[in-house]
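Residues per chain, in single letters:
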Amino acid sequence: MALLFLDLTGMTSMRKLSFCRQSKNKKKIATFLDNLDRKIECNNRISQLLERAAQTLFNHWFVDFDPYEDFEESELGEIPTGFEFVEVDDLVWSGRGYSYTSEYLDKENEIEESYPMINLKNVKEGGGFRTDGYKFYTEESMKDRYMIEEGDLVVAITDLTQEGGLIGSPALIPELEEERNIISQDVAKIVPENVPREFLYHLFKTERFQEYSKSVATGTTVLHLSLTAIGEFQFALPPEEKLNEFAQRVRSMHSKKSNIIQENSRLRRLRDTLLPKLMSGEIRINDINLDDLQVSNEV
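Residues numbered from 1 in each chain as written. Predicted model: local features only at pLDDT ≥ 70, side-chain atom pairs only at ≥ 80, totals over all residues. Heavy atoms only, no water.

Observations regarding the overall build of the protein
Piece 1. Looking only at helices and strands, the protein has six helices and 13 strands in total.
Piece 2. Per-residue burial for the protein yields a buried fraction of 43% across its 299 residues.
Piece 3. Counting only contacts in the protein whose residues sit at least 6 apart along the sequence, the fraction spanning at least 24 positions is 76%.
Piece 4. Carbon and sulfur atoms make up 47% of the accessible area of the protein, which amounts to about 17,100 Å² in all. (Helix = DSSP H or I, 4+ residues; strand = E, 2+ residues; numbered from the N terminus. Buried < 20%, exposed > 50% of the residue type's maximum accessible area, 1.4 Å probe, protein only. Contact = heavy atoms within 4.5 Å. Areas by Shrake-Rupley, 256 points an atom, 1.4 Å probe, with all protein chains shown as cover.)

Examining the sheet that holds strand β4 (residues 92-96)
Piece 1. Here four strands make up an open sheet; going across it, the order is β4-β11-β7-β9 and the pairing antiparallel. Across the chains shown, the open sheet's two edge strands, defined by having one partner strand only, are β4 and β9 (170-172). Along the sheet, successive strands turn relative to each other by an average axial angle of 25°, direction set aside.
Piece 2. Sheet topology note: the strand β7 (residues 153-156)/strand β11 (residues 187-192) ladder contains four bridges and is antiparallel. Following the sheet pairing, Val154 is matched in β11 by Lys189.
Piece 3. The sheet contacts of helix α3 (residues 197-205) involve β4, β7, β9 and β11, and relative to β9 the element is tilted by about 150°. (Pairing = 2+ DSSP bridges. Axes fitted to C-alpha atoms, helices over the stretch in contact; angles between N-to-C directions.)

Quick word on α3
Piece 1. With eight of nine residues buried, α3 is to be regarded as a mostly interior element.
Piece 2. Within α3 the residues assigned to the buried category are Glu198, Phe199, Leu200, Tyr201, His202, Leu203, Phe204 and Lys205.

Points about helix α4 (residues 207-216)
Piece 1. Along α4, the residues classified as buried are Phe209, Gln210, Tyr212 and Ser213. Down the axis of α4, the smallest arc covering the buried residues is 160°, so these residues share one side. Seen from the open side of α4, the exposed residues pointing more than 90 degrees away from its buried face are Glu207 and Ser215.
Piece 2. Taken together, the buried residues of α4 touch β9, α3 and α5 (227-231). (Arc of directions from axis to C-beta.)

Here we look at the confidence of the model for the protein
Piece 1. In the predicted model, the protein carries a mean pLDDT of 84, and the fraction of residues at 70 or more is 81%.
Piece 2. Residue range residues 1-9 is modelled with pLDDT below 50. Its contacts to residues more than four positions away, or to other chains, number four contacts.
Piece 3. A low-confidence stretch, residues 294-299 stays under pLDDT 50, and its non-local contacts, those more than four residues away or across chains, total 15 contacts. (pLDDT = per-residue confidence, 0-100.)

Observations regarding the packing of aromatic side chains
Piece 1. Tallied over the full model, the rule gives 22 aromatic pairs.
Piece 2. Ring plane angle 75° and centroid distance 5.2 Å describe the contact between Tyr68 and Phe83, whose orientation is recorded as edge-to-face. Of this pair, Tyr68 sits in the loop between α2 (13-62) and β1 (71-74) while Phe83 sits in the loop between β2 (77-80) and β3 (84-87), and the two are 15 residues apart along the sequence.
Piece 3. Assessed through its relative accessible area of 6%, Phe83 is described here as buried.
Piece 4. Here a set of aromatic residues connected by ring pairs shows up, and it is made of Phe58, Trp61, Phe62, Phe65, Tyr68, Phe71, Phe83, Phe199, Phe235 and Phe246. (Phe/Tyr/Trp six-rings, centres within 6.5 Å; stacked < 30°, edge-to-face > 60°.)

Next up, the structure:
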C-alpha cells in the first residue's frame, strides 16, 4: 500500500482514478484467468481419478484375479476357471492409419476441406487421449478404413524415442468436434469383435502389455510395433458376463472423461480468444459472468 501511495502522490485526481481503474481491471482479468486455469486443473484431476479407478478395477478382476477361488492351469499359468487362453488377434480387426505426405496442415482450418488427423501427439504415454496434438490433412477422398469416431480404440505403433514410453499406449477416442476424422500411420485402429472396447483399452494399459510392446518393438532410431505383434499378445479372457459387467461399470467413467476433455477444450479456446481482447480493451471484464467459473481446489 505504501508503494501504491507513493506512485499516486504525483498524479492528478483524474490520473489517479484512471490508474486505480486500470489496476482493478487487471486484477479482474487475473481472477478470470485464474478461475479458468483452476477449472481446467480440477477437471484434469477428476479425469485422472476416474482413469485410476477403472484401471484398478481391471487389475483387481483380470490381472490379480482377486475375486476368484477356483483356478486351472494354462499357458499363462493359473487362471480362474471359466477364463479362456486367447490371443488379441482372435478377437479383433486391426489396421494402420493413413500414410500421409508433407502436405498435411498443422494449423486448424487453413483449408476448409481438411481432415483432423489423430496422430502420436494425441496419445498419452501409458494410455489416454490428448486434444492438443491434432494435425490437419486435405484430401479429395479418404477410405473408410482410415476414419475414426467417438468410442474407437487406437494404439500408438510408432515411437520417435528409444525409451519406448509411447509405444503400445492406447487411447479411447472421445466425442469429436468434426464429422470426419482420420488417423495417421503412426497409430492403429483396433476393432474388437464381441469384446468391449473398454476391456481392451485397459488390457493394453496393463504393465504386462506395455512391457511386451517395448520388447517386441523394432527399429534403431524410431521404434515400430507391428500389428502382428499386437495380435500375438496372449491373455486370459474372462467369461462374457464378466466382460459385460466390467464394461458397464467403467463406461460411465469414460463418458465423464470424454465430457471433461470437451469442456477443457472449450475453456482453453475461451481463454485464448478472450485474453487478447481483454488486454486490448476490445471487451470489458464486467461483460463476462465469472460466477460460473468459481471452482474449488478440492476434487
